[in-house]
Protein chains: 2
Amino acid sequence: MSLGIIAGGGDLPRAVAESARAAGREVFVIALTGSMTEDWAASFSHEWVSIGSPGQTLKSFRRAGVTEVLLAGKVDRPKFSELKLDAKGIMMLPKVVAAAKKGDDALLRVLVAMFEDEGFRAVGVAEAAPGLVCGEGNLGRLAPNEDHRADLAQAFAIVRALGALDVGQAAVVCEGLALAVEAAEGTDQMIARVAGLREALRGTPEKKRGVLVKALKPTQDAKTDMPVIGVATVERAAAAGLAGIGLEAGGALIVGKEAVAARADALGLFVTGVKP
Amino acid sequence: MSLGIIAGGGDLPRAVAESARAAGREVFVIALTGSMTEDWAASFSHEWVSIGSPGQTLKSFRRAGVTEVLLAGKVDRPKFSELKLDAKGIMMLPKVVAAAKKGDDALLRVLVAMFEDEGFRAVGVAEAAPGLVCGEGNLGRLAPNEDHRADLAQAFAIVRALGALDVGQAAVVCEGLALAVEAAEGTDQMIARVAGLREALRGTPEKKRGVLVKALKPTQDAKTDMPVIGVATVERAAAAGLAGIGLEAGGALIVGKEAVAARADALGLFVTGVKP
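Not measured: the values here are computed from a predicted model.

Participant: Can you tell me about the overall build of chain A, naming the residues and giving the values?
Facilitator: When you go through chain A residue by residue, the secondary structure sums to 10 helices and 13 strands. What you see for chain A is a C-alpha radius of gyration of 19 Å, in line with the 19 Å of a compact globule of 276 residues. With respect to the principal axes defined by its C-alpha atoms, chain A has extents near 60 × 40 × 30 Å. A separation threshold of at least 6 residues defines the contact pool for chain A, and within that pool the share at least 24 residues apart is 71%. With the model as given, the accessible surface of chain A reaches about 11800 Å², and the carbon-plus-sulfur share is 53%.

Below, the structure is given as structure tokens:
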């Protein structure tokens with residue numbers, strides 16, 4: 001009942017691996033060459049594998065007794081022309097190239113389907129590392145006030161409407177005005193954009209206003225695509241003058257809950273989980 | 001039955017004034033100091049007025065026999081502390097400051113309401129200058145193909161969903177993927193953002209893909225807020241690698257139809273009006 005983690009970049013894969021190990025599970029890590037930049041895998045059974053070699057990954061998983069597979073972290077889109085492919089990779093390539101054009105969601109779905117076809121069970125972060133899942137209520141010391149709660153409700157409504165149309169998973173609302181909505185650019189760039197708006201519409205790091213909401217698209221698979229925040233998200237939100245961050249309780253992940261709470265407290269933001 | 005035009009920046013006010021005069025109407029122009037940068041008003045009965053002096057505007061309109069009033073063009077948000085106010089301006093200020101915080105839509109609604117309270121009839125561009133309204137079908141030589149039509153339908157669905165939540169009036173969709181959605185940053189910045197996405201997701205000026213759609217928010221007043229495009233919009237869309245622009249027939253304005261058609265033809269984009 002070993003858990004196989006295919007690990008890309010960012011803090012999420014390590015957080016998942018550590019959380020699963022702490023819960024008593026055997027963990028085997030496939031570190032994706034070029035995507036996983038920090039070498040944290042050394043303390044786990046692991047192997048470095050190119051994204052072009054899914055055959056090698058399958059073999060390593062079987063040898064390690066892996067039954068459940070989890071994909072986590074950012075994967076840098078490879079240049080297909082430069083990719084060293086194993087036999088399985090060559091078989092998968094047409095599907096992968098077609099999916100890659102449609103964006104990360106589609107690409108992930110193809111990879112998950114491949115592992116399921118090979119007899120593995122695909123699991124999500126919420127199942128493998130329940131400690132990362134956002135709970136209900138405030139993570140740090142601060143709580144949203146009444147204005148913030150109204151902005152949170154409005155931002156959730158926007159994100160759900162957008163999600164139903166497969167647009168994005170985040171939005172920023174400030175005192176009744178939608179400041180920014182995420183599409184293909186991603187959450188980080190959307191947050192950064194807020195700071196470029198005229199000051200009458202937004203807050204500043206000194207006088208914070210407005211909220212960021214991040215929620216799962218109904219079209220997304222909770223196994224691979226749950227919204228994630230971490231310390232960097234809190235810092236970006238603070239730099240953009242936001243008063244806080246709202247997540248769906250049970251529907252989002254927080255990497256490093258204690259560190260996130262401490263940073264939010266230090267910067268004067270709330271981080272809150274709202275029952276859907 | 002003279003038409004009073006309160007003119008801010010951009011090409012729209014001049015296009016409205018010329019179109020109304022061509023249709024045989026008397027036109028009186030209030031040129032807003034600081035907002036109207038190009039001095040095209042000289043060929044009309046006109047007066048330069050500060051945005052802080054609505055009393056002067058009312059007086060000039062009455063003297064000129066104006067019965068209908070139209071606001072058009074971009075108004076630079078004044079620094080209220082530096083504003084020279086007349087008596088009417090002082091009376092209006094609290095309302096205006098409160099509305100300005102909510103954004104341009106709210107500010108315009110306050111100004112329109114003031115003129116209506118004073119006995120003028122507020123008219124929209126579509127009524128005063130019907131020649132600017134987007135018709136059905138293609139403006140230039142090019143037409144959307146089947147893929148573009150699917151993207152147009154998806155973008156209209158997104159803009160309508162966003163509009164119902166008072167978010168924005170424009171979106172970019174490319175082969176089924178929502179690339180960018182407008183909120184407080186405005187259409188120009190949203191278009192520019194598309195060029196910053198990774199090339200797999202978007203077109204290029206050489207190989208155009210994806211469409212821009214601009215449509216009226218249901219929460220907006222067609223008198224003041226109809227979406228407008230012009231030659232610059234076509235140029236921005238081309239620079240962002242888009243294949244074309246879709247507007248609601250009867251629900252959007254095109255400044256300089258002939259010039260827009262010629263530029264779209266030259267740059268290889270379609271501009272099309274779609275029956276809602």
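Participant: Describe in detail the interface of chain A and chain B, supporting the description with residues and values.
Facilitator: Counting residues at the interface gives 25 residues for chain A and 25 residues for chain B. Summing both partners gives a buried area of about 2200 Å² for chain A against chain B, and 62% of it is carried by carbon and sulfur. Taken together, the links from chain A to chain B amount to 2 salt bridges. Between Arg193(A) and Glu185(B) there is a salt bridge; the shortest N-O distance is 4.0 Å. Applying the counting criterion to the chain A and chain B interface returns 4 residue pairs in polar contact (both at pLDDT 80 or more). Per element, the largest residue contribution to the side of chain A that touches chain B is 5 residues, and it comes from strand β8 (residues 177-181) of chain A. Of the residues contributing to the side of chain A that touches chain B, the split by class is 16 nonpolar, 1 polar and 8 charged.

Participant: Could you give an account of helix α10 (residues 257-267) of chain B, with specific residues and numbers?
Facilitator: Residues and elements named next belong to chain B. Within α10, burial applies to Val-260, Ala-261 and Ala-264. One side of α10 carries all its buried residues, which in axial view fall inside an arc of 100°. Turned more than 90 degrees away from the buried face of α10, the exposed residues are Glu-258 and Ala-266. Where α10 is buried, its residues meet β10 (228-229), α9 (231-239), β12 (253-254) and β13 (270-274). Of the residues trailing α10, Gly-268 is marked for its positive phi of about 85°.

The rules behind these values
- Residues numbered from 1 in each chain as written.
- Chains lettered and ligands numbered in written order.
- Predicted model: local features only at pLDDT ≥ 70, side-chain atom pairs only at ≥ 80, totals over all residues.
- Heavy atoms only, no water.
- Helix = DSSP H or I, 4+ residues; strand = E, 2+ residues; numbered from the N terminus.
- Rg over C-alpha atoms; globule rule 2.2 N^0.38 Å.
- Contact = heavy atoms within 4.5 Å.
- Areas by Shrake-Rupley, 256 points an atom, 1.4 Å probe, with all protein chains shown as cover.
- Buried area = accessible area lost by both parts, 1.4 Å probe.
- Salt bridge = Lys/Arg side-chain N within 4 Å of Asp/Glu carboxyl O.
- Polar contact = N/O pair within 3.5 Å; in protein donor to acceptor, adjacent residues only side chain to side chain.
- Nonpolar A, V, L, I, M, F, W, Y, C, P; charged D, E, K, R; others polar.
- Buried < 20%, exposed > 50% of the residue type's maximum accessible area, 1.4 Å probe, protein only.
- Arc of directions from axis to C-beta.

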